[in-house]
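What follows is the residue order along each chain.
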Amino acid sequence: MTVFQFNNLKLLTELSINKGDKDKFLVQNFFQSKHSIGSKDRKLIREYYFTYIRYKYLINYFCTNFLKKEENNPEVIIILIHNLLGNAIERRVEVNNELEGKYNSTLEHLKLTDLDSEIRAKMPELLNDFDKLKLSTDNESLSILHSTPLWIVEKLQKDYPKRYKQIVESFNKESNLSLRLPINLNRDKIVNELQANSIPYSLGNYNPCAIQISSKVDLNKLMMSKSPFFEIQDEGSQLISIYLEPQENEKILDYCSGAGGKALHIADLTGDNAEIVASDEDIIRCKELYRRSSKFGYKSIKIVKQEQLHTNYKNFFDKVLIDAPCSGSGTLKRDPHLKYKLTLEDINKRAEVQSQILNEVIPLLADGGEICYATCSIFYEENQNVITKFLAENAEFELVDVDVSTLIGGSESLHIENGLNTLPYLETDGFYMVRVKKII
Ligand SMILES: C[S@@+](CC[C@H](N)C(=O)[O-])C[C@H]1O[C@@H](n2cnc3c(N)ncnc32)[C@H](O)[C@@H]1O
């Protein structure tokens, strides 16, 4: 690491410590204000910085317990990460393989050798404790090791007693990039290009139209991105429209459509032969759907404002998809800051909004119609509990028994209880989906 890299990393770490986890655009704004940092330096600074964010509790624990230093000293944090990576700890916690081996030629450039030597001298003791931490089975150790707030670990243990450890471990694993190809697109062209560029890929585990590649691949460098007849969409998210089982000629409402990823998929699944209405509380969010829909030439999607929906479409829809606003706890692999920001209070507030949205769409549903409720959360409060409450308050609805094994195949990472969760410890992010039917 050069002095220049070190100093800029120190600045960024300092900023992050001072602003807490509030500023979502911290890294982006930091680099925007520093034109002198070239792409190679940015890459290294980002890698170190995100290692710190991903393993904040573990790093703080080592700082205070072993080094007896303040946990908020950026120099200590950076040198500690540097030594951890240099001491092959990365292979054990999978911190970051790319940084492996950079240690030897680095910190000698800096005038920080005293601190470096001091930290290095303590590494055997620290690694020893790290091994003990890995062997412990209590939730506190799990929380430190994977830098996840204890209340989240405990909540997941309650909801997924047999799988919560794998789920917590997954929060610091690299996530894939999933592509969704239209049903009628010949996959060979895309597969050939991936092969020609030696890019490892795998075909979807659930959706035959999905391809998974590493999130480190720069799609812009590939020919296929010039005629982008694919969507970037997590494979778990792709399951939602499949789970809905949309049929040709059905009237389908995408009530929280945002930029319309699900509406586009529904159009594809129905051969552009359903009547799809997309709406959102914030209609500006649907603007992007116009562009995306015309890219594919779809004619079956119409965007309608919420007010019009409630006056002109009463008792109209066969199916209503609610891709509800949620905590995003299923996407912690992609957003390492998020785990420190979540609060139980916020989750409970979200559950209230989710219940409200479910009740809002009832008048829009035709007799015998169905609501498909989905979130990108893995918390029962936003998922199973919301549906249990809805069914208790609305006796005219019942759960639909979806035949998951024929629809999307079985997998160890699917969790089925009052609906279906994909869990983030294998190939996807964590999503929840369930269908309820209005009985005539
Ligand atoms: C998870 S996002 C939807 C993503 C989108 N379906 C997609 O596939 O790209 C949730 C959306 O719900 C919208 N929303 C929030 N509250 C709402 C409400 N009360 N009624 C309708 N939409 C709402 C938000 O504006 C946001 O676009």
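Residues numbered from 1 in each chain as written. Predicted model: local features only at pLDDT ≥ 70, side-chain atom pairs only at ≥ 80, totals over all residues.

1. Some details on the overall build of the protein chain
When helices and strands are tallied, the protein chain shows 19 helices and 13 strands. Expected size for 440 residues packed as a compact globule is a radius of gyration near 22 Å; at 24 Å, the protein chain falls within 12% of this value. For the protein chain, the spread of C-alpha atoms along the principal axes amounts to about 75 × 50 × 40 Å. Counting over 440 residues, the protein chain shows a buried share of 38%. Of the contacts made within the protein chain by residues no fewer than 6 positions apart, 72% connect residues no fewer than 24 positions apart. (Helix = DSSP H or I, 4+ residues; strand = E, 2+ residues; numbered from the N terminus. Rg over C-alpha atoms; globule rule 2.2 N^0.38 Å. Buried ≥ 20, exposed ≤ 12 C-beta atoms within 10 Å, placed from the backbone. Contact = placed C-beta atoms within 7 Å.)

2. Here we look at the site of the ligand
What surrounds the ligand is a group of 15 residues, the closest being Cys256, Gly258, Gly261, Glu281 and Asp323. Of the residues that constitute the shell around the ligand, the class distribution is five nonpolar, four polar and six charged. (Near = placed C-beta within 6 Å. Nonpolar A, V, L, I, M, F, W, Y, C, P; charged D, E, K, R; others polar.)

3. Points about the nonpolar core
Grouped together as the largest cluster of nonpolar side chains are 46 residues, with contacts concentrated most on Ile276, Val320 and Met433. For Ile276, the contacting residues outside a window of four places in its chain are Ile252, Asp254, Ala263, Ile266, Ala267, Ser300, Ile301 and Lys302. In terms of nonpolar packing, the next biggest core, distinct from the first, is built from 40 residues, Tyr164, Ile167, Leu332 and Tyr425 among them. (Core = buried A, V, L, I, M, F, W, Y, C linked by C-beta atoms within 7 Å.)

4. Re helix H9 (residues 150-159)
Among the residues making up H9, those that are buried are Ile152, Val153, Lys155, Leu156 and Asp159. When H9 is viewed along its axis, its buried side chains cluster within an angular range of 165° and face the same direction. Those residues of H9 that are buried are in contact with helix H8 (139-145), helix H10 (164-170) and helix H16 (338-341). (Arc of directions from axis to C-beta.)

5. Remarks on the sheet that holds strand S2 (residues 201-203)
Across the sheet, four strands lie side by side as S2-S3-S1-S4; this open sheet has antiparallel pairing. Here the strands that pair on one side only, and so sit at the sheet edges, are S2 and strand S4 (231-232). Two strands pair when backbone bridges link them, and strand S1 (residues 176-180) and strand S3 (residues 210-214) are joined in this way by five bridges, in the antiparallel orientation. Pairing of Leu179 across the sheet is with Ile211, part of S3. (Pairing = 2+ DSSP bridges.)

6. A short note on the pairing of S1
By the criterion of burial, S1 is predominantly enclosed, with four of the five residues buried. Relative to S4, S1 is paired through two bridges, and the arrangement is antiparallel. In the strand pairing of S4, Arg180 is matched with Glu231.

7. Observations concerning the packing of helix H12 (residues 235-244) against helix H13 (residues 261-269)
Running from N to C, H12 and H13 cross one another at 50°; their axes reach a closest spacing of 9 Å. The angle between the axes of H12 and H13 places the two elements in the oblique class. The element H12 and its partner H13 pack so that their crossing is right-handed. Contacts from Ser237, Gln238, Ile240, Ser241, Ile242 and Leu244 in H12 reach Gly261, Lys262, His265, Ile266 and Leu269 in H13. Here the contact of H12 with H13 is composed, by residue class, of five nonpolar, five polar and one charged. (Axes fitted to C-alpha atoms, helices over the stretch in contact; angles between N-to-C directions. Parallel < 35°, antiparallel > 145°, perpendicular 65-115°, else oblique. Left-handed = near helix turned anticlockwise from the far one by under 90°.)

8. Some remarks on H12
The buried count for H12 comes to nine of 10 residues, which makes it a mostly enclosed element. Once H12 ends, the next one or two residues include Glu245, with phi positive near 50°.

9. Some points on the packing of helix H1 (residues 3-19) against helix H3 (residues 39-54)
H3 packs onto H1 with a crossing angle of 40° between their chain directions and a minimal axis gap of 10 Å. The angle between the axes of H1 and H3 places the two elements in the oblique class. In this structure, the crossing between H1 and H3 has a hand that is right-handed. Contacts between H1 and H3 involve Phe4, Gln5, Asn8, Leu9, Leu12 and Thr13 on the former and, on the latter, Asp41, Leu44, Ile45, Tyr48, Tyr49 and Tyr52. Of the residues assigned to the contact of H1 with H3, the class counts are eight nonpolar, three polar and one charged.

10. Looking at the pairing of strand S5 (residues 251-254)
The pairing of S5 with strand S6 (residues 275-278) spans four bridges and is parallel. Opposite Lys251, over in S6, you have Glu275 as the bridge partner. In terms of handedness, the path from S5 via H13 over to S6 forms a crossover that is right-handed. Two strands pair when backbone bridges link them, and S5 and strand S8 (residues 317-323) are joined in this way by three bridges, in the parallel orientation. Pairing of Leu253 across the sheet is with Val320, part of S8. (Right-handed = clockwise from strand over helix to strand, strands pointing away.)

11. Some points on unusual backbone geometry
Even without a glycine there, the phi angle at Asn315 is positive, about 50°. If you trace the backbone, Asn315 turns up in the loop between helix H15 (306-312) and S8. Positive phi outside glycine occurs at Asn418, with the angle close to 45°. Locating Asn418 in the fold gives a position in the loop between strand S11 (414-416) and strand S12 (420-422).

12. A few points about the environment of Leu364
Looking at the element boundaries, Leu364 is found in the loop between helix H17 (344-361) and strand S9 (365-375). In sequence terms Leu364 and Arg120 are 244 residues apart; their C-alpha atoms lie 65 Å from each other.

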